[in-house]
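One letter stands for each residue in the lines below.
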There are 2 protein chains.
Amino acid sequence: MGKKILVVGGVAGGASAAARLRRLDEKANIVLFEKGPHISFANCGLPYHIGDEIKERDALLLHTPETFKARLDVDVRVNSMVSEINPKENKVKVINFDGESYEESYDELILSPGAKPMRPPIPGIDNKNIFTLRNINDMDKIKNYIISNHVKSAVVVGGGFIGVEMAENLHSLKVETSLVEAAPHVLTPFDMDMIPMIEDEIKSRGINLYVNNPVSSFEGDGKSLNVTLKNGEKIETQLVILSIGVTPDTGFIKNSGIELGPRGHIVVDDSLRTNFSNIYAVGDAIEVKDYVDESKTAIPLAGPANKQGRMAADNIYGDDKKYKGSLGSSIIKVFDLTCARTGNTEFALKKKGIEYHKALLYPQSHASYYPGAMPMALKVLFGKDGKLLGAQAVGYEGVAKRIDVIATSMKYKGTVHDLTELELCYAPPFSSAKDPVNMAGYVGENILKGKTDIVSPEDIDNIPDSAVLLDVRTDLERENGYLKDSIHIPVDSLRENLHKLPKDKEIWVYCQIGLRGYIGERILKQNGFKVKNITGGYKFYRGVNV
Amino acid sequence: MGKKILVVGGVAGGASAAARLRRLDEKANIVLFEKGPHISFANCGLPYHIGDEIKERDALLLHTPETFKARLDVDVRVNSMVSEINPKENKVKVINFDGESYEESYDELILSPGAKPMRPPIPGIDNKNIFTLRNINDMDKIKNYIISNHVKSAVVVGGGFIGVEMAENLHSLKVETSLVEAAPHVLTPFDMDMIPMIEDEIKSRGINLYVNNPVSSFEGDGKSLNVTLKNGEKIETQLVILSIGVTPDTGFIKNSGIELGPRGHIVVDDSLRTNFSNIYAVGDAIEVKDYVDESKTAIPLAGPANKQGRMAADNIYGDDKKYKGSLGSSIIKVFDLTCARTGNTEFALKKKGIEYHKALLYPQSHASYYPGAMPMALKVLFGKDGKLLGAQAVGYEGVAKRIDVIATSMKYKGTVHDLTELELCYAPPFSSAKDPVNMAGYVGENILKGKTDIVSPEDIDNIPDSAVLLDVRTDLERENGYLKDSIHIPVDSLRENLHKLPKDKEIWVYCQIGLRGYIGERILKQNGFKVKNITGGYKFYRGVNV
Ligand SMILES: Cc1cc2nc3c(=O)[nH]c(=O)nc-3n(C[C@H](O)[C@H](O)[C@H](O)COP(=O)(O)OP(=O)(O)OC[C@H]3O[C@@H](n4cnc5c(N)ncnc54)[C@H](O)[C@@H]3O)c2cc1C
Ligand SMILES: Cc1cc2nc3c(=O)[nH]c(=O)nc-3n(C[C@H](O)[C@H](O)[C@H](O)COP(=O)(O)OP(=O)(O)OC[C@H]3O[C@@H](n4cnc5c(N)ncnc54)[C@H](O)[C@@H]3O)c2cc1C
Ligand SMILES: CC(C)(COP(=O)(O)OP(=O)(O)OC[C@H]1O[C@@H](n2cnc3c(N)ncnc32)[C@H](O)[C@@H]1OP(=O)(O)O)[C@@H](O)C(=O)NCCC(=O)NCCS
Ligand SMILES: CC(C)(COP(=O)(O)OP(=O)(O)OC[C@H]1O[C@@H](n2cnc3c(N)ncnc32)[C@H](O)[C@@H]1OP(=O)(O)O)[C@@H](O)C(=O)NCCC(=O)NCCS
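Values in this document were obtained by computation on a predicted structure and should not be read as measured data.

### Some remarks on the interface of chain A and chain B
For step 1, the next point in the chain: Each side of the interface is counted separately: chain A has 90 residues, and chain B has 90 residues.
For step 2, the next point in the chain: Summed over both partners, the interface of chain A with chain B buries about 7700 Å², with 55% contributed by carbon and sulfur atoms.
For step 3, the next point in the chain: Looking at the side of chain A facing chain B, the largest losses of area belong to Arg71(A), Tyr369(A) and Glu423(A), adding up to 11% of the total buried there.
For step 4, the next point in the chain: Along the contact surface separating chain A from chain B lie 46 residue pairs in polar contact (both at pLDDT 80 or more).
For step 5, the next point in the chain: Considering each element in turn, the side of chain A that touches chain B owes the most residues, 9 residues, to helix α9 (residues 399-411) of chain A.
For step 6, the next point in the chain: Grouping the constituent residues of the side of chain A that touches chain B by class yields 39 nonpolar, 19 polar and 32 charged.

Right, dumping it as structure tokens:
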């Protein structure tokens, strides 16, 4: 008989670990405990079944206990909660569906209990029409409630990834949907400059969006519910989805002696081992290193959970794999938009006191002369040494690709200089000869080498008195709006009009997105003017001020 | 007055260099020579304007001499051929449209003359209905000829990227199209195992495909043309597009003392300098290093040309940028299919005598439970040390992304182990928690660590007598076809049926694509059987044998 290995949690991290364990060792005795009735379900698909985008409920069950047994010979025990761990005796206590409890010993233990939705003590939070979404049961409850109550209105509280997905899916069901967010904008893994496109998309579909507006209370009878916001507004609704974040589901570990972090995450070393050498932990429940700056963080995402699960299994079998940290690469479809990001945001970098530069672009998804090209907002953050710190993109086609390429560069501790050298696939339907990622590298390099001095659109409203604004766009563009008090000289006639500009004042040049502004800047700088280019240009200025 | 810099060639490499030069130095005297009437045109879009996919001809002209002058103050001289270079005297000789010639001196010279279509001495090659496609004039000629002669049939000779694009675009115009290729398959930058999907797509649209069948002669009067193939077949047609490859357009350099390679490419060092320190060369006309193994090669692609153009400009201004080599990352749309590749093919590795392994997969573009997921064939080639050597993918959505991610890893000299660690963006509409690229890493790692021993589908027909075939697919799959003489035991009942298998023979296990084959292999191996998994499975076997 081989090792006896217990796995706690039967979904992303746990099931991945169990599957790999079996492939590594046909003789091991592997037991998988899952407190719910299902294993190996697609958490990430839950909102889309509610919205009928994924029609078949069963499509979400990648494995049942039976198929998992048949394929991988794992002893799957659903409705079985591990309630205590005794590392000294290498035992866990299990409570099953009937309330019976028993002990199970182990040689090795892998914990992947995940994270559960937060339920803060807001007055009225216990109202039965307030739902959270973590698993198949939650999904069934919400879906049944919507159908049997002919739900026509819903409020989603929390504009993170799950909240926005739920708002979209409720909207697909023709439910009048409000989305309420306490922070200044939805999707806080993105910075403010990426947000206008996203919030416009949400609002344009008819979703009522409230930002900067935490819920202060819920009040209701059985049928309808009043959601009161901090600013006093009240929204009457039939259904509330609460999705304001998750917290590690580690209550059962508290008294075990296994080290937990300040917010309840399991502390592991680079090998994914806890403070007990035969106990591993993976997934949403653990603390990880930020891959960029090695600070402690927690990244509740499926990719890391799956990879860590497999890695823990490998390490149990003598491999010496190191989990080097997470970038938080993530992506969300918001109706027709795609929003993707990796690494740190500006917001996070500021909070950590890390100095950074940014390249802000608005490139086309593919060659503009080939049909169907769509613009995307693309931002790349990097340090004074050029090292990539983070990136965000919002657009349509090709957004995921660019962020995945940058995340790949970041894995190798790449720089903006490296981005200029990437040799990516090009044909007109797919990209440009200088891919947007190359272009971001060029812009970054120009910043580092002092070829350009940029200011951000946010800075325009605080432009110093000693500076003047120069609009280098075409007449037509200017007719459609311009920055107050700006001088107008199209870039293509700038060289003949240098005499119209002051040499003693700083000139802030701008165009629609920053490219012609940069060309104007180069012309002026080399003619002895003091110049800055407004990165992102009029487009991002309008964006961030909407 | 600043430096005087001449640039020869006004398109991808040349125009990029000139534009960057100006941004670096507002005072330089920059002259751009182009022997044709157009500069800065989108070579890559030419086939699509012929096929009416790109409606506006002018969309292909990214700059005219006038706009280039206005924006970048470059002295653009079209219809001006540089006919001689005299490096000793730092002068070029120019012949203009009227046949007048003059000399122009330079401080620095950048050569980007590109490559021209090959016209081998096949009997009848000078027939006036045989066209090649390099520039706007060629495109106009082809398009006018098609329209004015109501062309109903065409033969494209050469099944490379341009040939396949032309075949698709002629087909869009409802022209009966034949595609003739001398090699055993079209698109030789891809290996044979990727080809069936591609050739099926081409044939399914009604294009007549001839492979392994070089043209032996053309015969014709003014109106119609007979194309005779090596196997004796004759195709009667109104129009021939010849696209069998390109050769550097460096005739004018031959007597200059500038070093040329054996096939006429300009030899440059890592700084893109020729053997004369103030003469740089870039683009299709130069010899480059293969980025993977540093062997000499030539990569006629727009991405490298554009990047090299900018780099040469930077180096003239004191930067010390090194061009580290090309991967040949490239991509083509073949009707609904996307085909992308980077680095070396198996074919090339074999030729170079480089040992390699391969991971062959057939993953879904995104989570299979989310609507619209499509399969792709994905192959990753790597060395015994795990180092990535090349990759190819054929499918629909998400193909470009995976190859770009692998090309990015290759830029950093990454390994298959690195692929397992990439943290790519995941949500159900975009990928899987273990992205296909991660999965390729897993498969690769299993090969390197001896967890799996694979054979290729090509090997099946030469299976040794001492081996037996084991089909671990479901009953249903088997009903739809199976390998002759294979034993059938579905993977999920393999453990109960070990007694049916011989311990003294090698077992070649297979499933549909290789995943369940691998699981079967793991079960059997650890039960003392000698096993190999047929990578790619029945799917690729059928594919490569079509
Ligand atoms: C609605 C939704 C959408 C999501 N969308 C995405 C997405 O698009 N992209 C993405 O990357 N991530 C997404 N995620 C996050 C992703 O699902 C998680 O990161 C991932 O599932 C974490 O894996 P895990 O194994 O740590 O935890 P889980 O998958 O949550 O599994 C933990 C399991 O352990 C069980 N368990 C807990 N405690 C015990 C105990 N004491 N005894 C027995 N069993 C126990 C739980 O019941 C649970 O089933 C989404 C999550 C949700 C809820
Ligand atoms: C139909 C077609 C489709 C393509 N599709 C793709 C694609 O999808 N993806 C991709 O990556 N690449 C593609 N390419 C290749 C890409 O266009 C080239 O790699 C790129 O243009 C090379 O740039 P270059 O500057 O070296 O040469 P070119 O762009 O060819 O420019 C060279 C210029 O120099 C001029 N010239 C030559 N000699 C002289 C002289 N003595 N004096 C003055 N002028 C001179 C020529 O007239 C020419 O205009 C395609 C090419 C063609 C023809
Ligand atoms: C599905 C689940 C049980 C994992 O099971 P799994 O068997 O490891 O996963 P897969 O079916 O993807 O197979 C991966 C294995 O197949 C192998 N493989 C994949 N394609 C292959 C191919 N073409 N040839 C050979 N092997 C292949 C991989 O190498 C890997 O094996 P390894 O880990 O031993 O190296 C687990 O991920 C799960 O429960 N997922 C659902 C929950 C979840 O992830 N939620 C969040 C996202 S919605
Ligand atoms: C278009 C062409 C003339 C190059 O001109 P270019 O001005 O260098 O190219 P772009 O318009 O793409 O601009 C790139 C510049 O803008 C800058 N830029 C791009 N976006 C920017 C932004 N948002 N903010 C600031 N600067 C930006 C880049 O940094 C780069 O400048 P740099 O080289 O000084 O760093 C040349 O590539 C060409 O002729 N192309 C057509 C031929 C061809 O490529 N054929 C093959 C493919 S079809």
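### A few points about the site of ligand 1
For step 1, the next point in the chain: For ligand 1, the set of nearby residues contains 32 residues, the closest of which are Gly13(A), Glu34(A), Ser112(A), Asp284(A) and Tyr426(B).
For step 2, the next point in the chain: Residues within reach of ligand 1 are spread across chains A and B.
For step 3, the next point in the chain: Gly13(A) places a main-chain nitrogen or oxygen 2.8 Å from an oxygen atom of ligand 1.
For step 4, the next point in the chain: Coverage of ligand 1 by the protein chains reaches 93% of its 990 Å² of free accessible surface.
For step 5, the next point in the chain: Of all elements in the fold, only α1 (12-24), β4 (80-86) and α7 (302-316) of chain A reach the threshold of two or more residues within the shell around ligand 1.
For step 6, the next point in the chain: Grouping the constituent residues of the shell around ligand 1 by class yields 19 nonpolar, 8 polar and 5 charged.

### Remarks on unusual backbone geometry
For step 1, the next point in the chain: Of note, the phi angle at Asp52(A) is positive, near 65 degrees, even though the residue is not glycine.
For step 2, the next point in the chain: The exposure class of Asp52(A) is partly exposed, given its relative accessible area of 33%.
For step 3, the next point in the chain: A positive phi angle, near 45 degrees, is found at His150(B), a position not held by glycine.
For step 4, the next point in the chain: Relative to the assigned elements, His150(B) resides in the loop between α4 (136-148) and β10 (153-157).

### A word on the packing of aromatic side chains
For step 1, the next point in the chain: Going through the model one piece at a time under the given rule, you end up with 9 aromatic pairs over all chains.
For step 2, the next point in the chain: Aromatic side chains Tyr412(A) and Tyr412(B) sit 5.0 Å apart centroid to centroid with 0 degrees between the ring planes, which places their arrangement in the stacked category. A residue pair is termed interchain when its members come from two chains, as with Tyr412(A) in the loop between α9 and α10 (416-421) and Tyr412(B) in the loop between α9 (399-411) and α10 (416-421).
For step 3, the next point in the chain: For Tyr412(A), a relative accessible area of 16% corresponds to the buried category.
For step 4, the next point in the chain: Above the ring of Tyr317(A), the side-chain terminus of Lys3(A) is found at 5.6 Å from the ring centroid.

### Quick notes on helix α1 (residues 12-24) of chain B
For step 1, the next point in the chain: The end-to-end C-alpha distance of α1(B) is 18 Å, a good match for the 18 Å that 13 residues give at a rise of 1.5 Å each.
For step 2, the next point in the chain: Looking at α1(B), one finds that the buried residues are Gly13(B), Gly14(B), Ala15(B), Ser16(B), Ala17(B), Ala18(B), Ala19(B), Arg20(B), Leu21(B), Arg22(B), Arg23(B) and Leu24(B).

### Digging into the pairing of strand β2 (residues 29-33) of chain B
All names here are of chain B.
For step 1, the next point in the chain: Burial analysis of β2 places 4 of its 5 residues in the buried class, which makes it a mostly covered element.
For step 2, the next point in the chain: The pairing of strand β1 (residues 4-8) with β2 spans 5 bridges and is parallel. If you follow Val8 over to β2, its bridge partner there is Phe33.
For step 3, the next point in the chain: Handedness of the β1-α1-β2 crossover: right-handed.

Thresholds, definitions, all that
Residues numbered from 1 in each chain as written. Chains lettered and ligands numbered in written order. Predicted model: local features only at pLDDT ≥ 70, side-chain atom pairs only at ≥ 80, totals over all residues. Heavy atoms only, no water. Contact = heavy atoms within 4.5 Å. Buried area = accessible area lost by both parts, 1.4 Å probe. Polar contact = N/O pair within 3.5 Å; in protein donor to acceptor, adjacent residues only side chain to side chain. Helix = DSSP H or I, 4+ residues; strand = E, 2+ residues; numbered from the N terminus. Nonpolar A, V, L, I, M, F, W, Y, C, P; charged D, E, K, R; others polar. Near = heavy atom within 4 Å. Areas by Shrake-Rupley, 256 points an atom, 1.4 Å probe, with all protein chains shown as cover. Buried < 20%, exposed > 50% of the residue type's maximum accessible area, 1.4 Å probe, protein only. Phe/Tyr/Trp six-rings, centres within 6.5 Å; stacked < 30°, edge-to-face > 60°. Lys NZ or Arg CZ within 6 Å of the ring centre and 35° of its normal. Expected span 1.5 Å × (residues − 1). Pairing = 2+ DSSP bridges. Right-handed = clockwise from strand over helix to strand, strands pointing away.

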